[in-house]
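Each chain is listed here by its residues.
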Amino acid sequence: MIRRLCAAVHRQLQVASSLGHRRTAAAASRPHLLGFVKPSSVSSVGAVDPSSLTASLLTRSCEISDHAALSISKKVKLDGLGQAVSVLALLKDYGFDDAHLVRLVDRLPRVLSMDVEKTLKPKLEFYCGISLVGTALQEILSASPWLLLTCSVENRLLPNAELLKSILKTNANLVGALKHTPWLITFDTRTVVLPKVDALRAYGVPDEVILVLFTRYSYALLTDAARFNDAFDEIKKMGICQKKPIFAHALGALAGLPKKKREEKVENLRALGWSQNHILEAFAKHPHIVLASIEKIRKTAKFVEEKLGWTPENTVKNPSLLSMSLEKRMMPRYAVLSILMHKGLIKTGFTGKHFLISSNKFQMNFVTKYRDEAPEIVEAYQRSEIR
């Protein structure tokens, strides 16, 4: 069937090309593939877009949408159409929908020419074998196909999976790590990852903390040894307990940043009046503070100083506030609380709890509870919160 459809497309292209060069009245009077056309429209027939014909074939053969077929058709040549149809059919069998197919082909066009039985199917079977199934399979492979679908199963993927499982213990943990850092399984685990794990264990970091590092910050384990060791040494000097998950969060945050970037973040906090002790205390409580942009930290620090009346000592007690959305969380809550305090409905003074509690709890405790006595708070809180 595929051969017949491909042959039909070739014939359509040949006819279109032939018609495009005939401009006589006799040629114009001949029936066109789609009916009779006027002489003035013959030149447009010669401009038939091959990708639209390919898209039409893909739509019929692979049962994908016109939009997806047109997008994919621009990545495949007619002489490779039969192979492309086989590839798309296999991917659909493994649950890839139109959006996944378009993203995958856009990022790795040569997937359409891969050998289904020898190359593509063994990789898909391998990933299913490590429990990478359901939507996770399609999401991960379509997001990072270049490495995940080009590495050798026997020489790279399988040995890495076995080594990683010796550390992570279960397929579920391995999949959790891959969801965060898909390319983890494509690196040389023995030389890149294992030495770092050995160093962590030698320092007394328990497996449950190492698991947090893998499932949240696998990229830290893939950085070059110099950057990892530098971050590791800094965490040791800070005295952060290696037996608690905060150690993994701290190491992951620091190892993900070049040293120059880390120094810039520290200088920014110093410029805001923070002492070295303030910085260390804040980082130990909330390591992600170093991941927020300098501008974000400045704006939020200025807000809590001017609006809440907080000193660095106050902010250090709740450093996670510096990572929260100023516009969608802090400002709407501040507006509501200010009105309630002004009316004497709640005690004066802002605390970290006001901004740390969930959106539902804040709305119930401060908006719903007081909207009859202070109806204006509903409008003040009209900005939806995201955290």
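Reading the values: rules and limits
Residues numbered from 1 in each chain as written. Predicted model: local features only at pLDDT ≥ 70, side-chain atom pairs only at ≥ 80, totals over all residues. Heavy atoms only, no water. Helix = DSSP H or I, 4+ residues; strand = E, 2+ residues; numbered from the N terminus. Buried < 20%, exposed > 50% of the residue type's maximum accessible area, 1.4 Å probe, protein only. Contact = heavy atoms within 4.5 Å. Areas by Shrake-Rupley, 256 points an atom, 1.4 Å probe, with all protein chains shown as cover. Expected span 1.5 Å × (residues − 1). pLDDT = per-residue confidence, 0-100. Axes fitted to C-alpha atoms, helices over the stretch in contact; angles between N-to-C directions. Parallel < 35°, antiparallel > 145°, perpendicular 65-115°, else oblique. Left-handed = near helix turned anticlockwise from the far one by under 90°. Nonpolar A, V, L, I, M, F, W, Y, C, P; charged D, E, K, R; others polar. Salt bridge = Lys/Arg side-chain N within 4 Å of Asp/Glu carboxyl O. Arc of directions from axis to C-beta. Core = buried A, V, L, I, M, F, W, Y, C linked by side-chain atoms within 4.5 Å. Phe/Tyr/Trp six-rings, centres within 6.5 Å; stacked < 30°, edge-to-face > 60°.

Draft legend 1. Seen up close, the overall build of the protein chain. Within the protein chain one finds 24 helices and zero strands. Here the protein chain holds 387 residues, and 44% of them are scored as buried. Taking as baseline every contact in the protein chain between residues at least 6 positions apart, the subset at least 24 positions apart corresponds to 70%. As displayed, the protein chain has an accessible area near 20,100 Å², and 54% of this comes from carbon and sulfur atoms.

Draft legend 2. Local environment of unusual backbone geometry. The phi dihedral of Glu 63 falls on the positive side, at around 55°, and the residue is not glycine. Structurally, Glu 63 is set in the loop between α4 (50-62) and α5 (66-73). One non-glycine residue, Ser 131, lies in positive phi territory at about 75°. Looking at where Ser 131 falls in the secondary structure, it is placed in the loop between α8 (116-129) and α9 (135-143). Of the residues examined, Ser 131 reaches a relative accessible area of 37% and is grouped as partly exposed.

Draft legend 3. Layout of helix α6 (residues 81-93). Taking 1.5 Å per residue, 13 residues should reach 18 Å; α6 reaches 18 Å between its end C-alpha atoms and fits that length. Three or more residues of α6 are buried, namely Leu 81, Ala 84, Val 85, Val 87, Leu 88, Leu 90 and Leu 91. Residue Gly 95 follows α6 closely and has a positive phi angle near 95°.

Draft legend 4. Main features of the confidence of the model for the protein chain. Confidence along the protein chain averages 85 in pLDDT terms, with 86% of residues attaining 70 or more. Counting interchain partners and residues more than four positions distant, the pLDDT-below-50 stretch residues 1-48 has 39 contacts.

Draft legend 5. Broad picture of the packing of α6 against α8. At a closest axis distance of 11 Å, the pairing of α6 and α8 adopts a crossing angle of 20°. Classed by the angle they form, the pair α6 and α8 counts as roughly parallel. For the pair α6 and α8, the sense of crossing is right-handed. Across the interface between the two elements, Gln 83, Ser 86, Val 87, Leu 90 and Leu 91 of α6 pack against Val 116, Leu 120, Lys 121 and Leu 124 of α8. Here the residues of the contact of α6 with α8 are counted per class, giving six nonpolar, two polar and one charged.

Draft legend 6. Region of interest: the pattern of salt bridges. Inspection of the entire model under this criterion finds 11 salt bridges. The partner of Lys 75 in a salt bridge is Asp 106, with the nearest N and O atoms 3.3 Å apart. With a gap of 31 residues between them, Lys 75 in the loop between α5 and α6 and Asp 106 in helix α7 (residues 98-107) connect regions that are remote in the sequence. Under the relative-accessibility criterion, Lys 75 is labelled partly exposed at 35%. The class for Asp 106 is partly exposed, based on a relative accessible area of 46%. In this structure, Arg 270 engages Glu 267 in a salt bridge whose closest nitrogen and oxygen atoms are separated by 2.7 Å. Placement of both Arg 270 and Glu 267 in helix α17 (residues 259-271) is noted, with a separation of three residues, approximately one turn of the helix.

Draft legend 7. How the structure looks around helix α23 (residues 359-368). Taken together, the buried positions of α23 are occupied by Ser 359, Phe 362, Phe 366 and Val 367. Projected down its long axis, α23 shows its buried positions confined to an angular sector of 85°, all on one face. Facing away from the buried side of α23 by more than 90 degrees, the exposed set consists of Asn 360 and Met 364. For α23, the elements touching its buried residues are α21 (326-342), α22 (352-356) and α24 (376-380).

Draft legend 8. Region of interest: the environment of Leu 149. Examined against the element boundaries, Leu 149 turns out to sit in the loop between α10 (145-148) and α11 (153-168). Classification of Leu 149 by relative accessible area gives buried; the value is 2%. Along the primary structure Leu 149 and Leu 108 are separated by 41 residues, whereas in three dimensions their C-alpha atoms are 9.0 Å apart. Ignoring sequence-local partners within four residues, the contact set of Leu 149 consists of Leu 104, Leu 108, Val 111, Met 114, Leu 120, Lys 123 and Leu 141.

Draft legend 9. Region of the structure containing the packing of α8 against α11. α11 packs onto α8 with a crossing angle of 5° between their chain directions and a minimal axis gap of 12 Å. Accordingly, the angle class assigned to the pair α8 and α11 is roughly parallel. From α8, Pro 122, Lys 123, Phe 126 and Tyr 127 reach across to α11, where they touch Val 153, Leu 157, Leu 158 and Ala 161. Its residues placed into classes, the contact of α8 with α11 shows seven nonpolar, no polar and one charged.

Draft legend 10. A look at the side chain of Thr 315. Of note, Thr 315 is situated in helix α20 (residues 312-317). You can call Thr 315 buried: its relative accessible area is 5%. Ignoring anything within four residues of it in the chain, the contact list for Thr 315 reads Trp 274, Val 304, Trp 310 and Leu 322.

Draft legend 11. Quick look at the nonpolar core. Val 111, Leu 200 and Phe 214 are the most contacted members of the largest nonpolar core, which totals 92 residues. It is helix α14 (residues 207-222) that provides the largest number of residues to this core, a total of nine residues.

Draft legend 12. Local environment of the packing of aromatic side chains. Counting across every chain of the model gives 10 aromatic pairs. Measuring from centroid to centroid gives 5.6 Å for Tyr 203 and Phe 232, while their planes differ by 90°, and the two rings are edge-to-face. Residue Tyr 203 is located in the loop between α13 (189-202) and α14, and its partner Phe 232 is located in helix α15 (residues 225-238); the two are separated by 29 residues in the primary sequence. With relative accessibility at 28%, the residue Tyr 203 sits in the partly exposed group.

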